[in-house]
Amino acid sequence: MDSDLEKIKKAKLNEIMNELGNRVKVIKESNFGSFVSEGVSVIDFWAVWCAPCHILSPLIEDLADKYKNVKFGKVNGDENMRLLYEYNITGLPTILFFKNGILADRSVGVVPESVLEEKIKWLL
Amino acid sequence: MAALKLLLGINGLSYGYFMRCNIPVIVNLFNTHPRGVVYNDDCHNMQNVWKRIMHYNNNFELPGKIKDNLSIINIPVNIPTVGIYSSSINTDYTNEVRSVFDAIKNTDSEYTIASINSLNIPGGADIKCNIYSLIDNYLYEIINSFNDFIIFSPYGDVKPNDVEPYGVYISTRPRPNPHKTIKIDEILEIFSNM
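Below you will find a few notes about this structure. (Residues numbered from 1 in each chain as written. Chains lettered and ligands numbered in written order. Predicted model: local features only at pLDDT ≥ 70, side-chain atom pairs only at ≥ 80, totals over all residues. Heavy atoms only, no water.)

### Some remarks on the overall build of chain B
So, step 1. Helix and strand content of chain B: six helices and six strands.
So, step 2. Each helix (α) and strand (β) of chain B, taken in turn from the N terminus, gives the series β-α-β-α-α-β-α-β-α-β-β-α.
So, step 3. Considering only C-alpha atoms, chain B reaches an extent of 40 × 35 × 35 Å along its principal axes.
So, step 4. By residue count, 53% of the 194 residues in chain B fall in the buried class.
So, step 5. When the accessible surface of chain B is totalled, it reaches about 8,400 Å², and 45% of it is carbon and sulfur. (Helix = DSSP H or I, 4+ residues; strand = E, 2+ residues; numbered from the N terminus. Buried < 20%, exposed > 50% of the residue type's maximum accessible area, 1.4 Å probe, protein only. Areas by Shrake-Rupley, 256 points an atom, 1.4 Å probe, with all protein chains shown as cover.)

Here is the structure:
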């Protein structure tokens, strides 16, 4: 019982921290469209079990710190399957790059930070 | 001669450093072997997590298959640690890593379980990359002498106020469902069935 309560508190705290502090926002099907609709957005599709996703995610966080004028989001693929089908994502990690709501580019698998940065620069 | 099997735990080893540090051996193992993610969001104390991994309750309650032909090295169920090589919590990392790998190199038991504890610190990337590189160099020397291995971390990066719940898992053997995370309580069973 106590441990369940602790888990709920921890999850809520993570949610609040995400809203307040992290530059990489947790995105779901319900807010995906509005998130990518304006400006340049970078969306990291990942899953808990996906080892390469955990290699890539710190690089996305570094870029989020560097490019304050770009929106960064992460989508848990297991919890948002509809988005995987919609954007034809067959492997994780996949990074989608949007400009004003239009899918402009993508990157699949672990790639160097410089490759992702080039794609962002091209969109700015 | 029986096939040699190694279970090597590296506390605090994180996928997040794979692109940040120069660790060609570990990255090569990652690229060429079955891998996964250890998910552990509730036990980040090094002693407690190893008690769970090793089924330790004042004694190691190990599967019969492995307990009669096992070497343990630097297992942090207590401080100082338990095993052929034992260290205190303040041991210099160069000394700890070298001593653990020397002990691994010299074991002839069918099963070897070892732990490296130097990464279990909330340090910056510079110091951590030095430790990653050291581990990487020694790993190159010993990994081919084992027929089977699991290299894992029971949790990821140790930060000043937080611990990453995602640990590393690289093994010679595939798992039945690679789309599931590995729980710390399963690791000994997977190892004993190798």
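Read on, since the account is not over.
### Focus: the interface of chain B and chain A
So, step 1. The interface of chain B with chain A comprises 17 residues on the first partner and 15 residues on the second.
So, step 2. Together chain B and chain A conceal approximately 1,300 Å² of surface at their shared face, both sides included; 71% is due to carbon and sulfur atoms.
So, step 3. Area buried by chain B at its contact with chain A is led by B:Met19, B:Arg20 and B:Tyr166, which between them contribute 36% of it.
So, step 4. Taken together, the connections running from chain B to chain A amount to one salt bridge.
So, step 5. A salt bridge links A:Asp62 to B:Arg20; the shortest N-O distance between them is 3.3 Å.
So, step 6. The interface formed by chain B and chain A contains one residue pair in polar contact (both at pLDDT 80 or more).
So, step 7. Ranked by the residues each element gives to the side of chain B that touches chain A, the list is headed by strand β2 (residues 35-39) of chain B, at four residues. (Contact = heavy atoms within 4.5 Å. Buried area = accessible area lost by both parts, 1.4 Å probe. Salt bridge = Lys/Arg side-chain N within 4 Å of Asp/Glu carboxyl O. Polar contact = N/O pair within 3.5 Å; in protein donor to acceptor, adjacent residues only side chain to side chain.)

### Here we look at the pattern of salt bridges
So, step 1. This structure, assessed with the given rule, holds twelve salt bridges over all chains.
So, step 2. Salt bridges linked by common partners bring A:Glu29, A:Arg82 and A:Glu86 together as one network.

### With respect to the packing of helix α1 (residues 24-32) of chain B against helix α5 (residues 125-142) of chain B
All names here are of chain B.
So, step 1. The interhelical angle for the contact between α1 and α5, taken along N-to-C directions, is 65 degrees, at an axis separation of 7 Å. Of α5, the residues touching α1 (which contributes Pro24, Val25, Ile26 and Leu29) are Ile135, Asp136, Leu139 and Tyr140.
So, step 2. Here the contact of α1 with α5 is composed, by residue class, of seven nonpolar, no polar and one charged. (Axes fitted to C-alpha atoms, helices over the stretch in contact; angles between N-to-C directions. Nonpolar A, V, L, I, M, F, W, Y, C, P; charged D, E, K, R; others polar.)

### Digging into the pairing of strand β5 (residues 148-152) of chain B
Residue and element names in this part refer to chain B.
So, step 1. Of all five residues in β5, five are buried; the element is thus mostly enclosed.
So, step 2. Here β5 shows a buried face lined by Asp148, Ile150 and Phe152 and a second buried face lined by Phe149 and Ile151.
So, step 3. Inspection of the sheet shows strand β1 (residues 5-10) paired to β5 by five bridges, in the parallel sense. Counted as the bridge partner of Leu8 is Ile151 from β5.
So, step 4. As defined by bridge partners, β5 adjoins strand β6 (residues 166-171) across three bridges and the pair is classed as antiparallel. (Pairing = 2+ DSSP bridges.)

### Some details on the sheet that holds strand β2 (residues 40-46) of chain A
All names here are of chain A.
So, step 1. Across the sheet, which stays open at both edges, the five strands sit in the order β1-β3-β2-β4-β5 with mixed pairing between neighbours. Pairing within the sheet leaves two strands with one partner each, and these edge strands are β1 (24-26) and β5 (102-108). The mean inter-strand angle of the sheet, taken between neighbouring strand axes irrespective of direction, is 25 degrees.
So, step 2. In this structure, β2 lies alongside strand β4 (residues 94-99), joined through six bridges in antiparallel fashion. Residue pairing across strands places Val40 opposite Lys99, the latter belonging to β4.
So, step 3. Contacts from helix α3 (residues 51-66) reach β1, β2, β3 (71-76) and β4 within the one sheet, and its direction differs from that of β2 by about 160 degrees.
So, step 4. Each of β2, β3, β4 and β5 touches helix α5 (residues 113-123); the most contacted strand, β4, lies at about 10 degrees to it.

### A word on the state of the cysteines
Residues and elements named next belong to chain B.
So, step 1. Following the criterion strictly, the structure yields two disulfides over all chains and no others.
So, step 2. The disulfide bridge from Cys21 ends at Cys129, spanning 2.1 Å between sulfur atoms. Its S-S torsion of approximately -75 degrees makes the covalent link between Cys21 and Cys129 left-handed. Separated by 108 residues along the polypeptide, Cys21 in the loop between β1 and α1 and Cys129 in helix α5 bring together distant segments of the chain.
So, step 3. On the basis of relative accessible area, Cys129 is assigned to the buried category, the value being 16%. (Disulfide = S-S within 2.5 Å.)

### Notes on the environment of A:Phe97
All names here are of chain A.
So, step 1. Considering the arrangement of structural elements, one finds Phe97 in strand β4.
So, step 2. Overall, Phe97 belongs to the buried group, its relative accessible area being 1%.
So, step 3. When near neighbours in sequence (up to four residues on either side) are disregarded, Phe97 contacts Ser41, Val42, Ile102, Leu103, Ala104, Asp105, Arg106, Ser107, Leu116, Lys119, Ile120 and Leu123.

### With respect to the nonpolar core
So, step 1. With 47 residues, the main nonpolar core has B:Leu8, B:Phe101, B:Ile104, B:Ile135 and B:Leu139 as its most contacted residues.
So, step 2. Secondary-structure elements contributing two or more residues to this core are α3 of chain A together with β1, α1, α4 (93-106), β4 (111-116), α5, β5 and β6 of chain B.
So, step 3. Ranked by residue count, the leading element in this core is α5(B), at eight residues.
So, step 4. For B:Ile104, the residues in contact, after removing those within four places along its chain, are B:Leu6, B:Leu8, B:Ile73, B:Ala114, B:Ile142 and B:Phe146.
So, step 5. Residues B:Ile72, B:Ile150, B:Phe152 and B:Phe191 belong to the second largest nonpolar core, which totals 28 residues. (Core = buried A, V, L, I, M, F, W, Y, C linked by side-chain atoms within 4.5 Å.)

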